[in-house]
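Coordinates in review
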Number of protein chains: 2
Amino acid sequence: MQSLWERISTDNAEIIAVGTELLLGQIENTNATFLAKALSDLGINCLYRSVVGDNPERLAQAIERAGQRSDLVFLTGGLGPTQDDITMEVLSKVVGQDMVYHEEEFRIIENYFKSQGRMTAPENKKQAYFPALSKIIPNPNGTAPGAMVPWDKADKPTLFVVLPGPPNENRPMFEMTVKPFLEPLAPFKFHHTYVRLVGIGESDLIHHIPDLLSEEQKNPTVAPYASLGEVSLRVTYKCKQDEEDHESSKIIEILQERLGQYIYEIGDRDLVHVLGETLIHKKQSIATVESMTAGLLSATLAQVDGISEVLRGGLVTYQVRVKEDQLGIDPELIREYGAISPQCAEAMALKGRNYFLSDYCLSITGNAGPQGQEDKPVGLTYIACAGPKGVKVVEKKLKGDREKNRLLAVKQALALLRIYMMDIGD
Amino acid sequence: MQSLWERISTDNAEIIAVGTELLLGQIENTNATFLAKALSDLGINCLYRSVVGDNPERLAQAIERAGQRSDLVFLTGGLGPTQDDITMEVLSKVVGQDMVYHEEEFRIIENYFKSQGRMTAPENKKQAYFPALSKIIPNPNGTAPGAMVPWDKADKPTLFVVLPGPPNENRPMFEMTVKPFLEPLAPFKFHHTYVRLVGIGESDLIHHIPDLLSEEQKNPTVAPYASLGEVSLRVTYKCKQDEEDHESSKIIEILQERLGQYIYEIGDRDLVHVLGETLIHKKQSIATVESMTAGLLSATLAQVDGISEVLRGGLVTYQVRVKEDQLGIDPELIREYGAISPQCAEAMALKGRNYFLSDYCLSITGNAGPQGQEDKPVGLTYIACAGPKGVKVVEKKLKGDREKNRLLAVKQALALLRIYMMDIGD
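Residues numbered from 1 in each chain as written. Chains lettered and ligands numbered in written order. Predicted model: local features only at pLDDT ≥ 70, side-chain atom pairs only at ≥ 80, totals over all residues. Heavy atoms only, no water.

**Looking at the overall build of chain A**
Keep this limit in mind: Here a strand is any run of E in DSSP of at least two residues, a helix any run of H or I of at least four, and the numbering for each starts at the N terminus. The globule rule is 2.2 Å times the number of residues to the power 0.38, and the radius of gyration it is compared with is taken over C-alpha atoms. Whether two residues are in contact is decided by their heavy atoms, any of which lying within 4.5 Å being enough. Values of accessible area rely on a 1.4 Å probe in the Shrake-Rupley scheme; residue burial ignores everything except the protein chains shown.
A count of helical and extended segments in chain A gives 15 helices and 17 strands. Since a compact globule built from 426 residues should have a radius of gyration of about 22 Å, the 28 Å found for chain A marks it as more spread out than a globular shape. Once local pairs closer than 6 in sequence are excluded, the contacts in chain A between residues at least 24 apart make up 70%. Accessible surface computed for chain A: about 18500 Å², of which carbon and sulfur atoms make up 50%.

Now the structure itself:
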């Protein structure tokens, strides 16, 4: 006869987030979104999801109902040392198990406090009590261990997975302990490959691949995701746990054939990391001259680890006089064409390249809004890239609010750098 | 005898977010958090919150259960034109009302598409059907109108408030139609005043006001909220709908007495807006010289509307050679003290002030991580402010990851500017 643990199944899952601060809307329920996605990636159906406050009766009701209808129930939150933290205790009552003290877990809690130069308080002792049948989930980043608690019900058992609220604690606990436990039990796995494109809009993209997006394309499937100024395709192959994915690469070959010029990454790196790592690899330096984006482009480049090898720096020429006095742009040019012009963007990029003695220089000048400038519409933006083979300028008409237009302009500048480097075979 | 609408109460509320993409963890359930906070601000208890997928049976069950236990139920999502959009229809079945076609609502939908240069599709017609007793909630930013639908149950009625999923649609609908409807029915209102502080940590702050944070302080209450590099106090006065708040100001006086030097705002403006607007008001210009933050500080200043009047620009001296060659810092200084030193920060601020001819110049040099530099620890940062009365330098030891350290350094630079301006009576 199978043991209790052997009878655990993962057919239907459910997530309960515990905490009055969630009910009051003080924080986002990011735990539920994280778990929902993680379960979806494991091929486990999550049909129910709810939030309960720090109220014993309502929590007990929610746990009871979840246990009756789902095979796998996640509980997040309520594992702290205060009086409002009741999750383990209420769960133990519902599943009819005594709370058992785990001496070794309390030692671990004490050591955690010691390593931070803090004292354990008497209230922390309760964090070492668990329902009798628990398997402990160690917490490398906090005090409260979690637990996997099976409920031995009449019909079939339900497994409760109890995790603390703070994401920096429960994420590693899920990855290190819970996921490896669930994987063998999960019916399928989904293997995702992200194909990232820039320079083409979602509607255009869809026209290139109607066959791949149709219902006839069953496995792998292809799904588009739009984000700021770019679009991704997620290629998903559903297979058994021990199967390897040999199908996604065929789809990706088709995408390369039809859309290769727009694909900047197959994988997880974003655009600035792909470009930044390319520049580092090729030992090609870069600088920036920004008006409208006021430093957002150079700050974005600086997100790339090791970028100091190639990022010389940048100039933020926010006021027009700074374009003239500090950067040395001819006041006549600005008088004739305005600061928001292809001529000015070109001059900014060329002057910047000389000023910083860099291989590449990107410039951005435009009007993020909300008011118009120089009798030109909000959103009108010019971006230039100066490099080993001259300077390239593009015009963009951005349609977001002030903040969004600045972020879009940064993305467009990176896209221009990519085009420039591709064009000269760099 | 009271009409159905007159018998609506708001004692207990509940939120149901509809959408399989939520269950799959593809997006955050920001609607529920927004509504939860809005209800909390109205003094309406929200005891239950859940997510349901685009499944008719489970949605009907959730609506039925919510209707039985709550007086006010919010439903978000599922109002689109596709087959998966079933919210209005399922609701109408549960509450036993026919779906009625609203010709005028369909005209509004048609006009919305016309204004965008698009065609109405046949599927859009279903978005003009509502349960028979509905009050329509107009949608200024999208196609699907919402509805307030009373359920005339045996015991007492429940009001369903149905809103579309996209936040840019449901937020204005809530503010313009739903909130004015609920306010007279809400038992209380909460009046919040935010007191924003910088330059003091949360633990220290708590020591100054233990009386205000204790249980004895009942109305108004004072609650601390920590955010990146600063802390706020929320003073909350609970009163009847038609009452005015004369109590919060007394608490705020006490806070001014005890903590005045740290309070930079009583209200909603963040630190950069307070400082930016002060500079604009006083017609005092500012520039930046950034190393580690690579443009994040100037980009942050540029968030302030009208800042072009005072923000000259900035220099990002990411590589050491740029500090020497472009900015003109003595290479001897850097050889002796390093780029991450108070001497270098001071020189950057002074040189920058001369370079841009600005009243103020802020500089930031440090190591955000993850690797150490110049045999100095990760997080070591020097920030300087040069102004009309010399230069002020501070040392900070930041303890976050790379991104967090950069954001913290920007916040600290703004805090230093504030101190400088206060010290010289500016």
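**Here's the deal with the sheet that holds strand β12 (residues 263–266) of chain A**
All names here are of chain A. What counts is decided by this rule: What makes two strands pair is DSSP finding at least two bridges between them. Axis geometry follows a simple rule: fit a line to the C-alpha atoms, using only the stretch in contact for helices, then measure angles between N-to-C directions, giving values from 0 to 180 degrees.
Strands sit in the order β10-β11-β9-β12 across an open sheet of four strands; the sheet is antiparallel. The sheet terminates laterally at β10 (221–227) and β12, the two strands that pair on one side only. Within the sheet, the average angular offset between the axes of one strand and its neighbour, ignoring direction, is 25°. Examined bridge by bridge, strand β9 (residues 189–197) and β12 share three bridges and lie antiparallel to one another.

**Observations concerning helix α4 (residues 87–95) of chain A**
Residue and element names in this part refer to chain A. The criterion, for reference: The buried label goes to any residue with under 20% of its type's maximum accessible area, the exposed label to any with over 50%, and the partly exposed label to all in between, with areas taken from a 1.4 Å probe on protein chains only.
A large share of α4 lies buried, amounting to seven of its nine residues. Taken together, the buried positions of α4 are occupied by T87, M88, V90, L91, S92, V94 and V95. G96 occupies a position one or two residues after α4 and carries a positive phi of about 70°.

**Describing the pattern of salt bridges**
All names here are of chain B. Quick reminder of the rule: Take a side-chain nitrogen of Lys or Arg and a carboxyl oxygen of Asp or Glu: if they are within 4 Å of each other, that pair is a salt bridge.
In this structure the tally under the stated criterion is 42 salt bridges over all chains. Note that K153 is salt-bridged to D155, the shortest N-O span being 3.8 Å. Using a relative accessible area of 9% as the deciding quantity, one classes K153 as buried. Residue D155 is classed as exposed on the basis of its relative accessible area, which comes to 54%. Notably, a salt bridge pairs E175 with K179, separated by 3.9 Å at the nearest N-O pair. Taken together, the residues span about one helical turn, with E175 and K179 both in helix α6 (residues 167–182) at a distance of four residues. Note on E175: relative accessible area 40%, which makes it partly exposed.

**Notes on the relation of the copies chain A and chain B**
Heads up, the rule is: The copies were overlaid by least squares, fitting only the C-alpha atoms of residues that reach a pLDDT of 70 or more in each copy.
Once chain A is rotated about the relating axis by 180° and shifted along it by 0.0 Å, it coincides with chain B to within an RMSD of 0.1 Å. Both copies are brought into coincidence by an operation consistent with a two-fold rotation axis. With an isologous cut-off of 70% or more, the 98% of interface residues of chain A that recur at the interface of chain B puts this contact in the isologous class.

**Let's talk about the packing of helix α3 (residues 56–69) of chain B against helix α4 (residues 87–94) of chain B**
Residue and element names in this part refer to chain B. This is how the line gets drawn: Should an angle fall under 35 degrees it is called roughly parallel, over 145 degrees roughly antiparallel, and 65 to 115 degrees roughly perpendicular, with every other angle called oblique. Handedness of each helix crossing follows the sense of rotation of the near helix against the far helix: counterclockwise by less than a right angle gives left-handed, clockwise gives right-handed. Polar here means any residue other than Ala, Val, Leu, Ile, Met, Phe, Trp, Tyr, Cys and Pro, which are nonpolar, and Asp, Glu, Lys and Arg, which are charged; Gly is therefore polar.
Interhelical geometry of α3 versus α4 gives an angle of 55° and a closest axis separation of 9 Å. On the basis of the axis angle, α3 is oblique to α4. The element α3 and its partner α4 pack so that their crossing is right-handed. Contact with α3, carried on its side by P56, L59, A60, I63 and E64, involves T87, V90, L91 and V94 of α4 and no other residues of that element. Looking at the contact of α3 with α4 residue by residue, the class counts come to seven nonpolar, one polar and one charged.

**Topic: the side chain of T193 of chain B**
Among the secondary structure elements, T193 of chain B is positioned in strand β9 (residues 189–197). If we ignore the near neighbours within four places in the chain, the residues touching T193 of chain B are L233, R234, V235, S248, I252 and I266 of chain B.

**Topic: the sheet that holds strand β13 (residues 286–290) of chain A**
Spatial ordering of the open sheet is given by β17(A)-β16(A)-β15(A)-β13(A)-β14(A)-β14(B)-β13(B)-β15(B)-β16(B)-β17(B), a layout of ten strands whose pairing is mixed. Looking at which strands have only one partner, the edges of the open sheet turn out to be β17 (390–397) of chain A together with β17 (390–397) of chain B. Across the sheet, the axes of successive neighbouring strands diverge by a mean angle of 10°, strand direction being ignored. Contacts from helix α14 (residues 342–356) of chain A reach β13, β14 (311–316), β15 (360–366), β16 (380–387) and β17 of chain A together with β14 (311–316) of chain B, with the element oriented near 145° to β15 of chain A. Along the sheet, helix α15 (residues 402–423) of chain B contacts β13 (286–290), β15 (360–366), β16 (380–387) and β17 of chain B; its crossing angle with β16 of chain B, the most-contacted strand, is approximately 35°.

**As for helix α15 (residues 402–423) of chain A**
Residues and elements named next belong to chain A. What counts is decided by this rule: A helix is expected to span 1.5 Å for every residue after the first.
The first and last C-alpha atoms of α15 sit 31 Å apart over 22 residues, in line with the 32 Å expected at 1.5 Å per residue. α15 sits mainly inside the fold: 16 of its 22 residues count as buried. Residue G425 follows α15 closely and has a positive phi angle near 65°.

**With respect to the interface of chain A and chain B**
How we decide: Computed with a 1.4 Å rolling probe, the buried area is the accessible surface lost when two parts are put together, summed over both parts. Polar contacts, as used here, are pairs of N or O atoms within 3.5 Å; protein pairs need one atom able to donate a hydrogen and one able to accept it. Residues neighboring in sequence count only if both atoms are side-chain atoms.
Counting from both sides, the interface comprises 58 residues of chain A and, opposite them, 57 residues of chain B. Counting the surface lost from both chain A and chain B, the interface buries some 4800 Å², and carbon and sulfur atoms represent 47% of this. A per-residue breakdown of the area chain A buries against chain B is headed by L23, R49 and R312 of chain A, which together make up 13% of the total. Connecting chain A to chain B are two salt bridges. Taking the shortest distance from any N to any O, the salt bridge between R402 of chain A and D305 of chain B comes out at 3.5 Å. Along the contact surface separating chain A from chain B lie 29 residue pairs in polar contact (both at pLDDT 80 or more). Residues that form the side of chain A that touches chain B fall into these classes: 25 nonpolar, 19 polar and 14 charged.

**A word on the packing of aromatic side chains**
Cut-off, in case you're wondering: Note on aromatic contacts: the rings of Phe and Tyr and the six-membered ring of Trp form a pair at centre separations within 6.5 Å, being stacked when their planes are under 30 degrees apart, edge-to-face when over 60 apart, and tilted otherwise. A ring is considered to have a charge above it if a Lys NZ or an Arg CZ atom is located within 6 Å of its centre and within 35 degrees of its normal.
Scanning all chains against the criterion turns up 18 aromatic pairs over all chains. Between W151 of chain B and F160 of chain B, the aromatic rings sit 6.2 Å apart at their centres with planes inclined by 40°, giving tilted as the arrangement. Accessibility classification places W151 of chain B together with F160 of chain B in one group, the buried group. Considering the side-chain rings of Y360 of chain B and Y420 of chain B, the 5.7 Å spacing of their centres and the 90° angle between planes classify their relative orientation as edge-to-face. Taken together, the positions of Y360 of chain B in strand β15 and Y420 of chain B in helix α15 put the pair 60 residues apart, joining distant regions of the chain. Taken as a pair, Y360 of chain B and Y420 of chain B share a single burial class, namely buried. The cationic tip of K135 of chain A hangs over the ring face of W5 of chain A; the distance from NZ or CZ to the ring centre is 4.3 Å.

**A short note on the domain arrangement of chain A**
All names here are of chain A. Note the threshold: Each domain's extent is set by a domain assignment, obtained either automatically or from a database.
Segmentation of chain A into domains returns domain 1 (5–185), domain 2 (188–266) and domain 3 (274–422). One C-alpha centre belongs to domain 2, the other to domain 3; they are set 32 Å apart. Facing the ten residues of domain 2 at the interface are eight residues of domain 3. Between domain 2 and domain 3, a total of about 750 Å² is buried, with carbon and sulfur atoms accounting for 65% of that surface. On the domain 2 side of the contact with domain 3, V198, L228 and Y264 bury the most area, a combined 62% of that side's loss. Inspection of the region where domain 2 meets domain 3 yields one salt bridge. One salt bridge in this structure joins K411 and E230, with 2.6 Å as the shortest N-O distance. Run the count over domain 2 and domain 3 and you get four residue pairs in polar contact (both at pLDDT 80 or more). It is β12 that contributes the most residues to the side of domain 2 that touches domain 3, three residues altogether. Per-class residue counts for the side of domain 2 that touches domain 3 are five nonpolar, three polar and two charged.

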